[in-house]
Amino acid sequence: MGMASRIECLFFSEFHPTLGPKITYQVPEEYISRELFDTVQVYIITKPELQNKLITVTAMGKKLIGCPVCIEHKKYSRNALLFNLGLVCDAQTNTCALEPIVKKLSGYLTTLELESGFISNEESKQKLLPIMSTLLEELNATGACTLPIDESNTIHLKLIQLRKDPPIVQEYDVPVFTQCKDHFIKSQWDLTTQQILPYIDGFRHIQKISAEADVEMNLVRIAVQNLLYYGAVTMVSIFQYSNVYCTTPKVQSLIDDKSIQEECLNYVTKQGQKRASLRDVFQLYCGLSPGTTVRDLCSRYSLQLQRVDERRLIQFGLMKSLIRRLQKYPVKVIRDERSRLPRLYTGGHSYDEICCKTGISYQELDERLENDPNIVVCWK
């Protein structure tokens, strides 16, 4: 598990009929001080209104997460058994990924108590201490734990990695696999994703994938967005030889980082050719600049491109942010409702977007705009 969600302590607290709320076990021992427990005990062993709910409390530089349980039955002292198995982390820790673990643990202990009196029986309750030690060690080490309790019960826990919501996928975006496509396990994904997978090649855009795979475009966008969420693909722009690119400061990593060098040279070398040299690849990237199209690059550096696939060169550069695309955005400087497509000439729509939405080619759009004196094209 990453340090961002590291568990510092596991504790088991219960309500004693004469002593009241207390910590019965904690791993490591004496981690939770008496002062800290006295401060937060009303959120550990709680009133009925807060029972069976996830509760997170921050106090004295620590964050405690628990799910208080109350099992009512006349066999218990005061007709109820109250307990809580919780986690402690540093106060700055993002504990969202740990909350399902706490909820699931409370469910396991409730089931064990209802089936065999695991918590109310002093002898079986002592098994909690080694269980908690194993949970703490394995969850911090691997983010997962499988632990047999008895013949019929096994604890299965796994920390789910929280990911940021991916950007909205547009019809002019081009999905590219972040790893070798051969390693992609097709059967793990839904039917729509399986249907479009053969068409994801790093050069077809969403609209083209939709048409060729015969899948409705919104479904393709949703499927690709799901792949993007799990890091299976990343997005680049449509490749054309008329495109213009420029380097970013990250291009320096091609010189400094040996692993990036290896990955890049393996990726951009033409099939069947001797591996390209770092000198040639770096020279090609540095040859990209405002005003220089990919077509210009190919004519100027034909010798360096003998072993380099220019399409994969651009693709890799975009994936690793070594380069960025300079896009063209038409702006209508004089309002004229009679001109065609005025709503797309606001400076907020790129050539890629306009061509995808209207079905016209780049060359046709260029000719239209060049003949209109009221339109200025901005590069950005």
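Scroll up to find the structure.
The rules behind the values
Residues numbered from 1 in each chain as written. Predicted model: local features only at pLDDT ≥ 70, side-chain atom pairs only at ≥ 80, totals over all residues. Heavy atoms only, no water. Phe/Tyr/Trp six-rings, centres within 6.5 Å; stacked < 30°, edge-to-face > 60°. Helix = DSSP H or I, 4+ residues; strand = E, 2+ residues; numbered from the N terminus. Lys NZ or Arg CZ within 6 Å of the ring centre and 35° of its normal. Salt bridge = Lys/Arg side-chain N within 4 Å of Asp/Glu carboxyl O. Buried < 20%, exposed > 50% of the residue type's maximum accessible area, 1.4 Å probe, protein only. Contact = heavy atoms within 4.5 Å. Polar contact = N/O pair within 3.5 Å; in protein donor to acceptor, adjacent residues only side chain to side chain. Arc of directions from axis to C-beta. Pairing = 2+ DSSP bridges.

Novice: Before we move on, could you go through the packing of aromatic side chains and cite the residues and values that matter?
Specialist: Under the criterion given, the structure shown has seven aromatic pairs. Ring geometry for tryptophan 189 against tyrosine 230: centres 6.0 Å apart, planes inclined by 75 degrees, an arrangement best described as edge-to-face. In this pair, tryptophan 189 is assigned in the loop between strand 9 (174-177) and helix 5 (191-196) and tyrosine 230 in the loop between helix 7 (217-229) and strand 10 (233-236), connecting sequence segments 41 residues apart. Following the ring pairs from residue to residue traces out a cluster consisting of Phe12, Tyr25 and Phe83. Over the ring of phenylalanine 203 we find arginine 311; its NZ or CZ atom is 3.9 Å from the centre of that ring. Across from the ring centre of tyrosine 329, 4.6 Å away, lies the NZ or CZ of lysine 380, which sits over that ring.

Novice: For the pattern of salt bridges, give the residues involved together with the corresponding values.
Specialist: Here the structure, examined in full by the defined rule, presents 14 salt bridges. Aspartate 352 serves as the salt-bridge partner of arginine 325, at 3.0 Å between the closest nitrogen and oxygen. Here arginine 325, found in strand 12 (residues 323-326), pairs with aspartate 352, found in helix 13 (residues 351-358); they are 27 residues apart in sequence, far enough to count as distant. Here arginine 325 and aspartate 352 have matching classes, each one buried. As a salt-bridge pair, arginine 368 and glutamate 364 come within 3.2 Å of each other at their nearest N and O atoms. Taken together, the positions of arginine 368 and glutamate 364, both in helix 14 (residues 362-370) and four residues apart, correspond to about one turn of that helix.

Novice: So what's going on with the environment of tyrosine 25? Residues and values would help.
Specialist: Assignment of secondary structure puts tyrosine 25 in strand 2 (residues 20-27). Taking the C-alpha atoms as reference points, tyrosine 25 and leucine 129, 104 residues apart in sequence, are found 6.4 Å from one another. When residues no more than four places from it in sequence are discounted, the contact partners of tyrosine 25 are Leu10, Phe11, Phe12, Lys125, Gln126, Leu128, Leu129 and Met132.

Novice: Describe the side chain of glutamine 304, listing the residues and the values that go with them.
Specialist: Mapping glutamine 304 onto the fold places it in the loop between helix 11 (294-300) and helix 12 (310-319). Residue glutamine 304 is classed as buried on the basis of its relative accessible area, which comes to 14%. A polar contact of 3.2 Å, which involves the side chain of glutamine 304, links it to the side chain of glutamine 283.

Novice: Help me get a handle on helix 10 (residues 278-286), residues and values and all.
Specialist: Among the residues making up helix 10, those that are buried are Asp280, Val281, Leu284 and Tyr285. All buried residues of helix 10 lie within an arc of 135 degrees about the axis, which places them on one face of the element. Packed against the buried residues of helix 10 are strand 11 (244-247), helix 8 (253-256), helix 9 (258-268), helix 11, helix 12 and strand 12.

Novice: Can you lay out the side chain of histidine 349 for me, pointing to particular residues and giving the numbers?
Specialist: Here histidine 349 is to be found in the loop between strand 13 (328-332) and helix 13. When neighbours within four sequence positions are excluded, histidine 349 is seen to be in contact with Lys328, Tyr329, Pro330, Arg343, Leu344 and Ile354.

Novice: Tell me about helix 13, and please be specific about residues and values.
Specialist: Extensive coverage of helix 13 is indicated by the burial of six of its eight residues. For helix 13, the elements touching its buried residues are helix 6 (206-213), strand 12, strand 13, helix 14 and strand 14 (375-379). Of the residues trailing helix 13, glycine 359 is marked for its positive phi of about 80 degrees.

Novice: I'd like a rundown of unusual backbone geometry, residues and numbers included.
Specialist: With an omega of 0 degrees, the peptide bond running from valine 27 to proline 28 counts as cis. When you line up the elements, proline 28 lands in the loop between strand 2 and helix 1 (34-44). Even without a glycine there, the phi angle at arginine 78 is positive, about 60 degrees. Here arginine 78 shows up in the loop between strand 5 (69-72) and strand 6 (80-90). One non-glycine residue with positive phi stands out, namely serine 321, at about 60 degrees. Using a relative accessible area of 32% as the deciding quantity, one classes serine 321 as partly exposed.

Novice: Please give an account of the pairing of strand 13 that cites residues and values.
Specialist: Looking along a regular strand, one sees side chains alternate from face to face of the sheet. The buried fraction of strand 13 is high, at four of five residues. The pairing of strand 13 with strand 14 spans five bridges and is antiparallel. Note that in strand 14 the partner of lysine 328 across the bridge is tryptophan 379.

Novice: I'd love a proper account of the environment of isoleucine 65, names of residues and values included.
Specialist: Structurally, isoleucine 65 is set in strand 4 (residues 62-66). Taking relative accessible area as the criterion, isoleucine 65 reaches 0% and is therefore assigned buried. Linking isoleucine 65 and lysine 186, residues 121 residues apart in sequence, is a C-alpha distance of 38 Å. Setting aside residues up to four positions removed in sequence, isoleucine 65 forms contacts with Leu54, Ile55, Thr56, Gly86, Leu87, Thr95, Leu98, Glu99 and Val102.

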